[in-house]
Amino acid sequence: HSEIQDNTLSGFEDGLPDGYLGGKLDPLASGLWPSGAKYIAPFKNTMFVAGDSVSGIAFSAPLQPEVFPPDNILDLGDANLGPVTGMFPTRNALVVFKAQGIYLIKGDPVNGFSAQTLTRDVGCNAPNSICEVPGAGLVFLASDGVYALQGSLENEGMATSEIRLSTPISELMKRLNRSALLNAFG
């Protein structure tokens, strides 16, 4: 419609009739925003959203982060591991954490996305603790310590695995207040 030339203008009026702005947008054509959205992560020109749903992650249409077609849902399964507790885009995979599981979402919007289970033994309990550390990998806080995902996170001959970093401070980790893990930052 128009471009505002400064960052101080707080109001804008125009005299164009609504008919000149284009046709009405049908909100059902673009799908509904995922209910209970808690975690959002961009990956391969697509927006991934997870939340209260125990095993589903919704993803947007490519280059349209506000459009969520109804069929764009990845089922992680493993409902007994609880809902998603964090997501982090890295290299060529989107890493999805549950309290007791880690999944890799790979692919692209053209050929499709798929989810694969990395582990059901370790997960992340503090979504703000997830941080990529050069030379160490993707570091995060689990209920029993600090871990790192090492490896290529892609099929390049090097397996992705989780390494426990907090072994030298295991006595300190035992004193951690488990009910406050959501407040931990990395």
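Residues numbered from 1 in each chain as written. Predicted model: local features only at pLDDT ≥ 70, side-chain atom pairs only at ≥ 80, totals over all residues. Heavy atoms only, no water.

Caption draft 1: Fine view of the packing of aromatic side chains. All chains considered together, the criterion is met by 7 aromatic pairs. Ring geometry for F43 and F113: centres 6.1 Å apart, planes at 45 degrees, overall tilted. One end of the pair, F43, is in strand β1 (residues 37-43); the other, F113, is in strand β8 (residues 112-119), and 70 residues separate them in sequence. For F43, a relative accessible area of 5% corresponds to the buried category. Seen in terms of ring centroids, F140 and Y147 are 6.0 Å apart; in terms of plane orientation they differ by 15 degrees. Their pairing is stacked. Residue classification places F140 among the buried positions, given a relative accessible area of 1%. (Phe/Tyr/Trp six-rings, centres within 6.5 Å; stacked < 30°, edge-to-face > 60°. Helix = DSSP H or I, 4+ residues; strand = E, 2+ residues; numbered from the N terminus. Buried < 20%, exposed > 50% of the residue type's maximum accessible area, 1.4 Å probe, protein only.)

Caption draft 2: Structural context of unusual backbone geometry. At K44, a residue that is not glycine, the phi angle is positive and equals roughly 55 degrees. Among the structural elements, K44 can be located in the loop between β1 and β2 (46-51). The class of K44 is partly exposed, set by a relative accessible area of 31%. Positive phi values are uncommon outside glycine, yet N45 reaches one of about 60 degrees.

Caption draft 3: Molecular detail of the nonpolar core. F48, I57, V84, M87, L94, V96 and I105 are the most contacted members of the largest nonpolar core, which has 17 residues in total. Taken together, the elements giving at least two residues each to this core come down to β1, β2, β3 (56-59), β5 (84-90), β6 (93-98) and β7 (101-108). Of all the elements, β1 adds the most residues to this core, at 3 residues. F97, L104, V122 and A142 belong to the second-largest nonpolar core, a separate cluster that totals 13 residues. (Core = buried A, V, L, I, M, F, W, Y, C linked by side-chain atoms within 4.5 Å.)

Caption draft 4: Main features of the sheet that holds β6. Strand order in the open sheet formed by 4 strands is β5-β6-β7-β8, with antiparallel pairing between adjacent strands. In this open sheet, the two edge strands, each paired with only one partner strand, are β5 and β8. For this sheet, the mean angle separating the axes of adjacent strands, direction not counted, is 25 degrees. Where β5 lies against β6, 6 bridges are found, and the strand directions are antiparallel. (Pairing = 2+ DSSP bridges. Axes fitted to C-alpha atoms, helices over the stretch in contact; angles between N-to-C directions.)

Caption draft 5: Geometry of the pairing of strand β11 (residues 145-150). Pairing analysis gives 5 bridges linking strand β10 (residues 137-142) to β11, with the strands arranged antiparallel. For F140, the partnering residue across the bridge sits in β11 and is Y147. From the end of β10 to the start of β11, which pair antiparallel, there are 2 residues. Relative to strand β12 (residues 161-164), β11 runs antiparallel, the two being bridged by 4 bridges. Its bridge partner being in β12, A148 is matched across the sheet by I163.

Caption draft 6: Molecular detail of the side chain of S129. Tracing the chain through its elements places S129 in the loop between β8 and β9 (131-133). At 2.6 Å, the side chain of S129 forms a polar contact with the backbone oxygen of A126. What S129 contacts, discounting residues up to four positions off in sequence, is C124, V139, F140, L141, A184, F185 and G186. (Polar contact = N/O pair within 3.5 Å; in protein donor to acceptor, adjacent residues only side chain to side chain. Contact = heavy atoms within 4.5 Å.)

Caption draft 7: Main features of the pairing of β7. For β7, the tally of buried residues reaches 6 of 8 residues, placing the bulk of the element in the interior. Pairing of β6 with β7, which is carried by 5 bridges, proceeds in the antiparallel orientation. When the bridges of β7 are listed, V96 appears paired with Y103. Between β6 and β7, which follow one another and run antiparallel, lie 2 residues. The pairing of β7 with β8 spans 7 bridges and is antiparallel. Note that in β8 the partner of K106 across the bridge is S114. In sequence, β7 turns back onto β8 through a hairpin of 3 residues.

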